[in-house]
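# Structure assessment
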Amino acid sequence: MTNEKLKFIISKNQTIERSNKLGGVQVMGLKLPKDYKDKLDIMETQIAIKKLKDYFELRLSRELNLTRVSSPLFVLPETGMNDNLNGVEKAVNFNVPCLNKNAEIVQSLAKWKRMALKRYGFSAGSGLYTDMNAIRKDEELDNLHSLYVDQWDWELVVNKEDRNMETLKETVEKLYIVFKDTEVFVCSLYPHIPEILPEEITFYTSQELLDKYPELDAKGRENEAVKEHGAVFIMQIGKVLSNGEKHDGRSPDYDDWELNGDILFYNPILDEAIELSSMGIRVDEESLDRQLTLAGCDDRRELDYHRMLLNGELPYTVGGGIGQSRICMYYLRKAHIGEVQVGIWPKEQIDACEEAGIKLL
């Protein structure tokens, strides 16, 4: 980055910080690695994205015994099927004149998938996956976050007695096989991209991570964990820890806070953790009842979806979402998610990326 350009950015944004290890700069929360050089040009990147996604999708469906189905882009809010994520994000909504109702763009499909599993008659040990596309207008834009979300949402039916930590870990390990195989595939296509994933993924509860790094905040703990292990699964997200805080927020009505977690890998380009999947064993009658009360969301009990769950009318499941652009960014060693998906960004970020050699689509 030229001195003149850097001075301009500093004058526009007083929160700029230097990153000692990377030798780059940070602008509006955006990391700009020093001497960043793209592994692939724009056309090569487009071809690689297609090959990578096709391979990962096929491996995912085979490893977890999943069938691809169609899914909605929008739902009616009164059904209760949209997700509240951390509980603060507001879904994008629009009026449908012929129905005289408002519809909402989905934020994820965690709830819809359980309804679909029931409707299609899936049995234990089988499940579905689908392409989920969403708009999250409240997202703070940086290297990893955009307004557009594209992910594979998947859901697998389990027996009630299999709602336990062993099932959760076994499912994560199956997913990790898919991630490992995909890395081998990508690196065989592009030998100048080295394999970096460890042989096994390491498991921590959020409390264990706090105990290990008590002086760090949640993001700092994640970064230290992936730097040490390369790949980690952080469990039990949403519950209050011994410091009186949550590792991260979770809506009370899809994951069981005792049986969920995030898959994070070490991102060598940004020298930090990148979350590629949020997943978990879903709430049953007891955990939904408990978590709605803890979260102060008892009003949701009257929604269609929640009534069915509380009445035991939906299958017990494990499921999650896997970020499509995120995995492309990770495997192709990109510095910004805008290098693998088209989006809109603040002008300061666009200018800074251009100067840093980061080619936003």
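Description of the structure in this document. (Residues numbered from 1 in each chain as written. Predicted model: local features only at pLDDT ≥ 70, side-chain atom pairs only at ≥ 80, totals over all residues. Heavy atoms only, no water.)

## Side note on the side chain of lysine 113
Applied cut-off: The secondary structure listing takes helices from DSSP runs of H or I that are at least 4 residues long and strands from runs of E that are at least 2 residues long, numbered from the N terminus. Note on exposure labels: buried denotes an accessible area under 20% of the residue type's maximum, exposed denotes more than 50%, and partly exposed covers the range between, all computed with a 1.4 Å probe on protein chains only. Counting of polar contacts relies on pairs of N or O atoms within 3.5 Å, with two restrictions inside protein: one atom must be capable of donating a hydrogen and the other of accepting it, and residues adjacent in sequence are counted only when both atoms are side-chain atoms.
With respect to the secondary-structure elements, lysine 113 resides in helix α3 (residues 110-120). Lysine 113 gets classed as buried once you look at its relative accessible area, which sits at 0%. Within the structure, the side chain of lysine 113 is placed 3.2 Å from the backbone oxygen of glycine 320, a separation counted as a polar contact.

## Topic: the sheet that holds strand β6 (residues 93-96)
Stated formally: Pairing between strands requires that DSSP locate at least two bridges from one strand to the other.
Across the sheet, three strands lie side by side as β5-β7-β6; this open sheet has antiparallel pairing. The sheet terminates laterally at β5 (74-75) and β6, the two strands that pair on one side only. Examined bridge by bridge, β6 and strand β7 (residues 101-105) share four bridges and lie antiparallel to one another. Note on β7: the bridge partner recorded for phenylalanine 94 is alanine 103.

## Some thoughts on the nonpolar core
Formally: Working definition of a nonpolar core: buried Ala, Val, Leu, Ile, Met, Phe, Trp, Tyr and Cys residues. They are joined through side-chain atoms within 4.5 Å. Between two residues, a contact is recorded if the distance between any of their heavy atoms is within 4.5 Å.
With 60 residues, the main nonpolar core has Trp154, Phe179 and Phe265 as its most contacted residues. The residues touching phenylalanine 179, leaving out its near neighbours within four places in the chain, are Phe56, Leu197, Ile263, Phe265, Leu276, Ile322, Ile327 and Tyr331. Grouped together as the second largest cluster of nonpolar side chains are 22 residues, Val75, Leu117, Cys297 and Tyr305 included.

## Comments concerning the packing of aromatic side chains
Selection criterion: Only the six-membered ring of Trp is used, alongside the rings of Phe and Tyr, when aromatic pairs are assigned; centres must lie within 6.5 Å, and planes under 30 degrees apart are stacked while those over 60 apart are edge-to-face, with the rest tilted.
Applying the stated criterion across every chain, the model contains 10 aromatic pairs. Note on phenylalanine 265 and tyrosine 330: the rings are 5.3 Å apart at their centroids and 55° apart in plane angle, and the pair reads as tilted. Placement of phenylalanine 265 in strand β12 (residues 255-267) and of tyrosine 330 in helix α9 (residues 324-331) is noted, with a sequence separation of 65 residues between them. Overall, phenylalanine 265 belongs to the buried group, its relative accessible area being 0%. With relative accessibility at 2%, the residue tyrosine 330 sits in the buried group. These aromatic residues form a ring-pair network of at least three members: Phe56, Trp152, Tyr176, Phe179, Phe265, Tyr330 and Tyr331.

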